[in-house]
Amino acid sequence: MASLLGNLSVERFARHASYVHRDALEESCNKVHELAPSEMCQFVMRTESCREDVFFFDYTYFLFCTIGYENTTLFRLGTILLVFGLLLCFTVLGTTADEYFCPVLAAISKKLKISETVAGVTILAFGNGSPDLFTAASNPSSDTELMFGELLGAAMFVIGVVGAVILIIRPFQQDPLTLVRDVVFFTFIVGWITVCAYDERFTLSDAVVVVVVYMVYLAAVLLQFFLLKRELSTVASRISLSGEEPDDDLYYNDLRRKTEVFIRSKDLRAGSEVDITKNRVSTFASRQRPSKNRNLFQDFCSHVNPVDQEEWNSSGYLRKTLTILLIPIRSVLCFTIPVVDYTVERHGWTKLLNMIHCLTLPLLFFSIIGYISKNMLDIPVWAWLVGVSFLLMVAIFFTSRTDRPPCYHLAYALLAFFGSILIIYIVAQEVVSLLVTIGLVLNLSRSMLGLSVLAWGNSIGDLFSNITLAKQGYGKMAFAACMGGPLFSKIFYCGC
């Protein structure tokens, strides 16, 4: 019977080579619960499926081998330790989204002069969907059944849970036609992928249809945006000819809100919009222009300090304890990701610290992809990075000032955007690995794992970034990404 099952599985695998299904081809890690405690560690070490979701740390090995199932009390304490690890990851995600990702996203959208909706279905959708794209690209032979369950569960979680939370935090008036458009395209994509997956086979034409439909969706979003921009221009011309001020016209202001991104203070009670031209120059800049490097080290030290003195003095013991625990996280993020925030002084520019970012962020990126120790032209990659970064740092030192951001500050916005995505991707992978291990302890099935644990884990970046955006006043952008993000993930996970 076993040999017959194996032959059938091989035949089916050969017939549907593009659909990866490994039920009968390898052991499930859940079988560890059928073994004696003394045999669990050896099973975990030799079973490939127990190491599929390992990123940096092997939590399954930690529980079943380092601690062992023989001592039930220690095993439970180890599981509790993994839960605390999850809370730590959530803290990193929240800090990254609040202090780096969301501000730079608003800055890029403002610079590109696009609306919140367009930014949500393009830039933010790409940022939220990038971890899924990286995962698919690095592991193209992953289990298709698990992948579909994970994608569907993640989409349901983002649209149903994250979208609902956004509407509660930041209610806004939604255009019914826009919502119907998004739902129709999403429903079609899900239905098409379901039909294609019915016989466990994907063809090139199936993938092309998915990608084309997504391109039509983007075209529809951009068409609506350009029509609104043209209407805004027409209304502005009509008001100017009548001798009135455009800002006094309600319809004109409503169109502006639909076609522009307004930079809002993080403290929404302080005002609706920030004048980004007034906070571009530092307060220590006087009429007589100071030297290029005035207060260079003082400015650096004040920005790398992870403890805000005013917040520390007004905090209680619990808040101070949390601040101390967050010092390592804030320090790592501070030296890794540049700050581009139009709501703060100099838009977040710190000359010496931003020079250091030219070295730390590339080193982190190449370390993650595993190229840091490889050679190029018989020279280590890390040596190339140090050399090129040093030249960039010298150029920045002589072409920038400490009292205002340089003309190429937008390049730092792109660095901050991709740096935030990189940190979110790293932490999200650890969240998935932790959740898979906890799911294994709870003996969840593979499909249940995809629909629940992995779906929640892969949506954790969407959860933190979208909710943080809504809290900062960009509810439309966050809600648009609740549709655009799952669409992006499905297209490039299944279509490509």
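Residues numbered from 1 in each chain as written. Predicted model: local features only at pLDDT ≥ 70, side-chain atom pairs only at ≥ 80, totals over all residues. Heavy atoms only, no water.

Tallying secondary structure elements over the protein gives 18 helices and 2 strands in all. Burial statistics for the protein: of 496 residues in total, 46% are counted as buried. Within the protein, counting contacts between residues at least 6 apart in sequence, those at least 24 apart form 77% of the total. When the accessible area of the protein is evaluated, it comes to approximately 25600 Å², of which 65% is carbon and sulfur surface. (Helix = DSSP H or I, 4+ residues; strand = E, 2+ residues; numbered from the N terminus. Buried < 20%, exposed > 50% of the residue type's maximum accessible area, 1.4 Å probe, protein only. Contact = heavy atoms within 4.5 Å. Areas by Shrake-Rupley, 256 points an atom, 1.4 Å probe, with all protein chains shown as cover.)

Another point: the state of the cysteines. As used here, a disulfide is simply a covalent bond connecting the sulfur atoms of two cysteines. Here the structure, examined in full by the defined rule, presents 2 disulfides. Across a sulfur-sulfur distance of 2.0 Å, Cys 29 and Cys 50 are joined as a disulfide pair. Linking Cys 29 and Cys 50, the disulfide has an S-S dihedral of approximately 105 degrees and is accordingly described as right-handed. You can see Cys 29 sitting in the loop between helix H1 (2-15) and helix H2 (37-46) and its partner Cys 50 sitting in the loop between H2 and helix H3 (59-67), a full 21 residues away along the chain. With its sulfur 2.2 Å from that of its partner, Cys 41 forms a disulfide with Cys 65. The disulfide joining Cys 41 to Cys 65 has a torsion of about 115 degrees about its S-S bond and is therefore right-handed. Pair noted here: Cys 41 is in helix H2 and Cys 65 is in helix H3, with a separation of 24 residues, a long-range link. (Disulfide = S-S within 2.5 Å.)

Looking at the second largest pocket, its volume works out to about 670 Å³. Considering the residues around the second largest pocket, the lining is formed by 28 residues, among which Phe 172, Gln 173, Arg 257, Lys 258 and Lys 476 are closest to the centre. Mapped by element, the contributors of at least two residues to the lining of the second largest pocket are helix H5 (116-138), helix H7 (176-197), helix H8 (204-241), helix H9 (250-259) and helix H18 (475-495). Residues that form the lining of the second largest pocket fall into these classes: 10 nonpolar, 8 polar and 10 charged. (1 Å grid on protein atoms, 1.4 Å probe; cavity = no way out; pocket = protein on both sides within 12 Å on 5 of 7 lines; lining within 4 Å. Points joined across faces, edges and corners; volume = space filled by probe spheres on them. Nonpolar A, V, L, I, M, F, W, Y, C, P; charged D, E, K, R; others polar.)

So, on to the packing of helix H12 (residues 317-336) against helix H13 (residues 351-368). The contact between H12 and H13 brings their axes to 7 Å, and the two run at 100 degrees. As the angle between them shows, H12 and H13 are arranged roughly perpendicular. Between H12 and H13, the contacting residues are Cys 334, Phe 335 and Thr 336 on the first element and Leu 353, Ile 356, His 357, Thr 360, Leu 361 and Leu 364 on the second. (Axes fitted to C-alpha atoms, helices over the stretch in contact; angles between N-to-C directions. Parallel < 35°, antiparallel > 145°, perpendicular 65-115°, else oblique.)

Bringing unusual backbone geometry into the picture now. Within the chain, Lys 113 stands out as a residue other than glycine whose phi angle is a positive 60 degrees. Topologically, Lys 113 is positioned in the loop between helix H4 (72-112) and H5. Judged by its relative accessible area of 61%, Lys 113 is exposed. Backbone geometry at Arg 346 places phi at a positive 60 degrees, although glycine is not the residue there.

It is worth spelling out the environment of Val 304 at this point. Note on placement: Val 304 falls in helix H10 (residues 296-304). C-alpha separation for the pair Val 304 and Leu 353, spaced 49 residues apart in sequence, amounts to 8.0 Å. Contact partners of Val 304, with chain neighbours within four places excluded, come to Cys 334, Phe 335 and Leu 353.

This part is about helix H17 (residues 460-471). Taking 1.5 Å of rise per residue, 12 residues should cover 16 Å, and H17 covers 16 Å from first to last C-alpha, within 8% of that figure. Gly 473, located one to two residues past H17, shows a positive phi value of around 105 degrees. (Expected span 1.5 Å × (residues − 1).)

Let's shift gears to the packing of aromatic side chains. On inspection of all chains with the given rule, the structure shows 17 aromatic pairs. Note on Phe 90 and Phe 464: the rings are 6.0 Å apart at their centroids and 35 degrees apart in plane angle, and the pair reads as tilted. Linking Phe 90 in helix H4 with Phe 464 in helix H17, this pair joins segments that are 374 residues apart in sequence. Note on Phe 126 and Phe 417: the rings are 6.5 Å apart at their centroids and 25 degrees apart in plane angle, and the pair reads as stacked. Of this pair, Phe 126 sits in helix H5 while Phe 417 is found in helix H15 (residues 409-441), placing the two residues 291 residues apart along the sequence. An aromatic cluster of at least three residues, connected via ring pairs, comprises Phe 101, Phe 126, Phe 417 and Phe 418. (Phe/Tyr/Trp six-rings, centres within 6.5 Å; stacked < 30°, edge-to-face > 60°.)

Okay, the nonpolar core next. Ranked by size, the top nonpolar core spans 96 residues in total, and within it Phe 64, Leu 105, Tyr 217, Phe 417, Val 431, Leu 469 and Met 477 carry the most contacts. Phe 417 has contacts with Phe 101, Val 104, Leu 105, Ile 108, Ile 123, Phe 126 and Gly 127, leaving out every residue within four places of it along the chain. If you look at the next biggest cluster of nonpolar residues, it comprises 6 residues, including Val 235, Ala 236, Ile 239 and Tyr 252. (Core = buried A, V, L, I, M, F, W, Y, C linked by side-chain atoms within 4.5 Å.)

The next subject is H9. Of all the positions in H9, only Tyr 252, Asn 253, Leu 255, Arg 256 and Thr 259 are classed as buried. The buried side chains of H9 occupy one side of the element, clustering within an arc of 160 degrees when seen end-on. Its buried side turned inward, H9 meets H8. (Arc of directions from axis to C-beta.)

On the surface, a cluster of nonpolar side chains totalling about 660 Å² of accessible area is made up of Leu 74, Leu 77, Ile 80, Leu 81, Val 83, Phe 84 and Leu 87. Mapping Leu 74 onto the fold places it in helix H4. The exposure class assigned to Leu 74 is partly exposed, which follows from its relative accessible area of 43%. (Patch = residues over 30% accessible without salt bridge, like charges linked within 9 Å, V, L, I, M, F, W, Y side chains within 5 Å. Salt bridge = Lys/Arg side-chain N within 4 Å of Asp/Glu carboxyl O.)

A few words now on the pattern of salt bridges. On inspection of all chains with the given rule, the structure shows 9 salt bridges. A salt bridge links Asp 403 to Arg 404, with the nearest nitrogen and oxygen atoms 3.2 Å apart. The exposure class assigned to Asp 403 is buried, which follows from its relative accessible area of 0%. The network of salt bridges with shared partners includes Asp 254, Arg 257 and Lys 258.

This brings us to the packing of H13 against H15. Interhelical geometry of H13 versus H15 gives an angle of 40 degrees and a closest axis separation of 11 Å. Classed by the angle they form, the pair H13 and H15 counts as oblique. For the crossing formed where H13 meets H15, the hand is left-handed. Residue-level contacts link Asn 354, Met 355, Cys 358, Leu 361, Leu 364, Phe 365 and Ile 368 of H13 to Tyr 412, Leu 415, Gly 419, Leu 422, Ile 423 and Ile 426 of H15. Classifying every residue of the contact of H13 with H15 gives 11 nonpolar, 2 polar and no charged. (Left-handed = near helix turned anticlockwise from the far one by under 90°.)

Function cannot be inferred from these measures alone, as they are strictly geometric.
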